[in-house]
Amino acid sequence: MRDVAIIGIGLSRWGEIWDASLRTLWTEAALAALDDAGLDHIDAITVGCMSPGLFIGQEHLGGLLADELGMAGVPATRVESACASGGVALRTAFAEVAAGLADVVLATGVEKMTDVSGDECTAALAAAADAEVEVFPGATFPALYAMMARAHMARHGTTREQLAAVAVKNHRHGSLNPHAQFRQQISVADVLASAKVAEPLNILDCSPITDGAAAVVLADLATAKRLAKGRPIVRIAGVGQASDRMALQSRRDMTTLPATTAAGERAFKMAGKAPVDIQLAEVHDCFTIAEIVVLEALGLCPAGQGGLQAESGRTALGGALPVNPSGGLKSKGHPVGATGVAQAVEIVTQLRGAAGPRQVPGARVGLTQNMGGTGASTVVHILEVAS
Amino acid sequence: MSPLNPARTAREYPARYRLEAARCDACGAVSYPARLVCPACRGRKFSPVTLSPEGQVLTWSVIHVGPSSHKHEVPYALAIVELTGGARVTCQIADVDPAAIRIGMPVRLEFRRIQEDGEAGVIAYGHKAVPA
Amino acid sequence: MNVGIVGYGAYIPRRRIRLAEIASVWGADAAAYERGLGLHEKSVPARDEDTITMSVTATRRALARAGIDPRDIGAVYVGSESHPYAVKPSGTVVAEAIGATPAVHCADLEFACKAGSEGMFIAAALVKSGEVGHALAVGADTSQGAPGDALEYSTAAGAAAYIFGTAGLVATMEAQVSFMTDTPDFWRREYMHYPRHAGRYTGEPAYFKTTFGAARMLLEKTGMEPKDFAYAVFHQPNGKFPMRAGTQLGFTREQLEPGWLSPWLGNTYSGASPIGLTAVLDRAKAGDRIMMVSYGSGAGSDGFVWAVTDRIDEVRDLAPHTREQLDNNKTYVPYGVYAKLRGKIRMGE
């Protein structure tokens with residue numbers, strides 16, 4: 001298996017982008033990544049997108065987007081794993097390069113979410129849960145995570161304020177990120193006073209609805225060195241993916257994320273690293289409780305102590321383990337299919353030392369964790385500066 | 001695509017109307033709804049079993065922002081209920097004061113309307129929990 | 001061969017609205033309405049309750065008391081004027097939900113407020129004929145009155161289910177009669193949302209004439225007198241009519257009150273006298289005789305005489321008692337919520 005590096009990164013505009021379609025957003029990100037890499041050709045394209053069919057009535061994104069980029073001819077494939085679609089697109093591209101099927105692959109993620117009403121958006125996202133077992137009786141994603149939160153609070157004594165602390169921290173980080181959708185700082189009191197969505201979660205516990213795209217260019221290490229332009233080369237040191245029982249009710253312990261644990265273990269093993277080696281992480285904080293349980297699942301904090309991490313400042317910029325320096329899904333935005341790729345964009349930016357006011361000093365090893373549904377799909381990447 | 005396509009709705013009747021489930025002949029794990037492979041042991045032989053309608057709340061939420069299919073019902077309580085015998089269901093808790101819901105609260109499943117396909121389409125029935 | 005009831009069950013929704021609340025919306029004199037109708041409050045179905053759901057729950061309660069295998073039920077009749085589908089039976093859902101399919105005869109019945117007793121009449125007769133071993137009859141309604149109309153103060157929701165058989169009886173049927181004429185006192189035309197009624201014509205020439213007709217047929221057929229009965233249950237479109245009909249026939253308040261639910265329940269239409277009978281069975285003793293007379297506009301009455309057996313003591317507590325459902329766990333809703341639950345608010349798409 002060949003070593004693989006990320007040699008180009010790009011983001012489209014993120015937010016409620018009323019004047020841009022899916023194809024426009026995607027092309028913005030793809031062009032930015034190609035320009036960053038200094039390339040005008042690629043061998044293949046992967047596209048992570050959760051539900052273009054429900055959001056804009058468009059399937060077959062591989063063909064559509066290769067054509068938009070003027071690259072009709074290259075193999076182009078959409079991959080889907082709900083909100084982990086972007087991370088899985090990255091892993092798929094990694095596998096192609098590592099296997100020698102291609103030397104340079106454009107791994108992308110995109111979602112256009114604001115062309116449907118709020119109700120339709122809720123319903124489209126709910127399609128990532130079990131349609132018969134969970135959605136039919138009326139479950140929503142906030143409600144499923146809220147039930148995880150309730151279980152975590154009962155089992156570990158996690159407090160409502162500790163949930164809020166995750167959102168407060170991520171908004172503070174996002175305020176330093178010119179690319180974030182919501183850059184205002186918020187307080188614990190703001191979160192507690194915000195509108196109820198699915199008790200105990202309020203609107204400020206939830207990541208927003210976002211239009212956006214992200215892209216990275218992957219290349220084998222030899223190609224990467226040739227195109228380095230003097231910048232640090234960021235290598236994908238470890239990749240892990242795992243699945244779990246689909247419905248939350250099937251998980252014996254609803255305060256854990258076994259797929260995240262398994263994906264993390266696989267990535268750590270491949271990278272020859274342990275949680276203690278991780279200097280910063282971009283994790284899937286689709287809801288505040290998610291960041292808490294993900295940190296526990298990855299071994300980045302002890303089981304049951306996820307609630308203390310943001311509250312104590314450990315996971316804030318300046319803390320021992322900054323988590324979601326980009327602002328995370330909560331503040332930066334969550335165009336679901338794009339998120340997994342955007343997490344890698346942030347870690348590469350940090351490892352290049354180019355993150356400006358939100359830079360984690362001396363960052364050399366970072367982790368991304370991207371999950372779909374209530375955790376039935378998780379993909380973890382460990383990135384490091386190649387020596 | 002409608003979740004209330006008539007054929008799709010009708011094929012769920014055994015589970016939704018009668019709480020029919022499948023007990024794995026090899027390991028005894030109960031799958032609800034019934035399936036072809038036991039998720040616990042990959043057994044492929046099952047015996048039919050009917051779930052008890054009695055159970056208790058494992059965790060719950062009160063939904064204030066609902067999907068289109070349930071938006072006029074908000075706020076409504078959703079729970080994961082463990083039934084006597086160990087099977088779990090995700091269902092609403094009907095006829096309840098949200099402030100009274102607790103983990104461990106005893107509930108009983110009752111036959112209710114779950115969704116309807118507009119004013120002219122099929123009505124989908126199933127079970128909701130009510131305080132026991 | 002004796003034919004009778006082997007299991008019975010009732011279901012009353014938990015929500016209520018007070019008459020005073022309805023009156024306050026329409027500027028009506030609440031005290032006068034309560035006095036005039038003899039009603040204080042009525043049951044209100046939730047958005048997730050309808051004739052089918054109430055029928056299933058009432059039937060499951062009847063099955064719990066009957067202690068029979070649902071596959072032994074050979075006929076299912078659901079009587080209602082508020083079937084959720086105009087075309088497609090309620091009974092198929094009920095039969096499927098209780099596990100009585102597929103070897104079962106099934107029909108939905110409609111005869112204004114007596115569709116439930118119609119089912120009982122047919123089910124009992126079918127068992128008597130020997131064609132089926134057990135037959136289920138349900139009376140259930142989520143009836144509606146037009147906003148502001150006098151009917152809106154009484155139209156309520158509830159269900160009662162009866163399983164008929166020949167063994168394990170809790171009440172033997174000693175007589176069944178039907179009295180029917182074409183009397184245009186109340187109707188709802190196809191595609192109309194609310195029914196119309198003929199005002200005071202619904203009283204003497206309709207309800208009372210027909211109820212008396214069936215009751216007198218029963219007395220004549222059995223050679224019994226009112227004093228021979230422990231209880232009597234009449235259709236209860238409001239609080240006043242059943243009490244007036246019963247006392248005019250010679251029954252005492254003591255015989256009538258146990259099955260007289262309407263003052264706090266409202267008119268459950270097809271469920272009305274059948275639910276009343278469940279409340280009586282909940283307290284009856286072996287040997288008690290019960291007269292039950294339904295009434296459905298249009299107009300007809302079915303009448304029955306039941307003789308309670310000693311098995312009643314074994315089954316009474318196997319399902320929720322009717323009075324407890326009526327008196328406990330009530331949630332009162334304001335008119336706005338009632339209007340939403342009953343689909344009276346015009347919604348955007």
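Note that the structure is a prediction, hence the values are computed from the model and not measured. (Residues numbered from 1 in each chain as written. Chains lettered and ligands numbered in written order. Predicted model: local features only at pLDDT ≥ 70, side-chain atom pairs only at ≥ 80, totals over all residues. Heavy atoms only, no water.)

Asker: Lay out the environment of Glu225(C) in plain terms, naming residues and giving numbers.
Answerer: Along the chain, Glu225(C) falls in the loop between helix H6 (203–222) and strand E11 (231–234). Remark: the alpha-carbon pair of Glu225(C) and Leu249(C), spanning 24 residues in sequence, is separated by 9.5 Å. (Helix = DSSP H or I, 4+ residues; strand = E, 2+ residues; numbered from the N terminus.)

Asker: Describe helix H1 (residues 19–26) of chain C, with residues and values.
Answerer: The α-helix advances 3.6 residues per turn, and as a result positions three or four apart in sequence lie on the same side. All names here are of chain C. Within the sequence span of H1, burial applies to Leu19, Ile22 and Ala23. All buried residues of H1 fall inside an arc of 100° around its axis, so they share one side. Those residues of H1 that are buried lie in contact with strand E2 (15–18), helix H2 (30–37), strand E3 (41–44) and helix H13 (335–341). One or two positions beyond H1, positive phi appears at Gly27, with a value near 70°. (Buried < 20%, exposed > 50% of the residue type's maximum accessible area, 1.4 Å probe, protein only. Arc of directions from axis to C-beta. Contact = heavy atoms within 4.5 Å.)

Asker: Explain the domain arrangement of chain C to me, using residue names and the numbers behind them.
Answerer: The accessible area lost on association of the parts is a frequent measure of interface size. All names here are of chain C. Along its sequence, chain C is organised into domain 1 (4–170 + 316–341) and domain 2 (171–312). Each of domain 1 and domain 2 has a C-alpha centre, and these two points are 15 Å apart. Domain 1 puts 62 residues into the contact, and the matching count from domain 2 is 59 residues. The three residues of domain 1 that bury the most area against domain 2 are Cys113, Val170 and Arg316, which together make up 15% of that side's buried surface. Linking domain 1 with domain 2 are two salt bridges. (Domains from an automatic or database assignment. Buried area = accessible area lost by both parts, 1.4 Å probe. Salt bridge = Lys/Arg side-chain N within 4 Å of Asp/Glu carboxyl O.)

Asker: Now, about the arrangement of the chains: what can you tell me, with residues and values included?
Answerer: Most contacts, compared over the two pairs of chains touching, are made between chains A and B. A gap remains between chain A and chain C, which never touch, and the nearest two C-alpha atoms on either side lie 12 Å apart.

Asker: Provide a residue-level description of the interface of chain C and chain B, including the pertinent values.
Answerer: Listed by partner, the interface residues are 21 residues for chain C and 19 residues for chain B. Summed over both partners, the interface of chain C with chain B comes to about 1800 Å²; 49% of that surface belongs to carbon and sulfur atoms. If you look at where chain C meets chain B, you find eight salt bridges. The salt bridge partner of Arg18(B) is Glu96(C), with a shortest N-O separation of 2.9 Å. Seen at the junction of chain C and chain B, the total is 15 residue pairs in polar contact (both at pLDDT 80 or more). (Polar contact = N/O pair within 3.5 Å; in protein donor to acceptor, adjacent residues only side chain to side chain.)

Asker: Before we move on, can you summarise the side chain of Glu346(A) with the specific residues and values?
Answerer: Residues and elements named next belong to chain A. Mapping Glu346 onto the fold places it in helix H15 (residues 336–351). Accessibility expressed as a relative area gives 4% for Glu346, which makes it buried. Contact partners of Glu346, with chain neighbours within four places excluded, come to Glu282, Pro325, Ser326 and Arg358.

Asker: Outline empty space enclosed by the protein, listing residues and values.
Answerer: Under the counting rule described, the total for this entry stands at three cavities of 30 Å³ or more. Considered as a void within the structure, the largest cavity measures approximately 240 Å³ in volume. Those elements that provide at least two residues to the lining of the largest cavity are helix H6 (131–135) of chain A together with helix H2 (13–18), strand E6 (88–93), strand E7 (106–116) and strand E8 (123–131) of chain B. Counting residues per element, the lining of the largest cavity draws most heavily on E6(B), at four residues. Along the lines of polarity and charge, the residues of the lining of the largest cavity split into 11 nonpolar, four polar and four charged. The space that makes up the second largest cavity amounts to roughly 80 Å³. (1 Å grid on protein atoms, 1.4 Å probe; cavity = no way out; pocket = protein on both sides within 12 Å on 5 of 7 lines; lining within 4 Å. Points joined across faces, edges and corners; volume = space filled by probe spheres on them. Nonpolar A, V, L, I, M, F, W, Y, C, P; charged D, E, K, R; others polar.)

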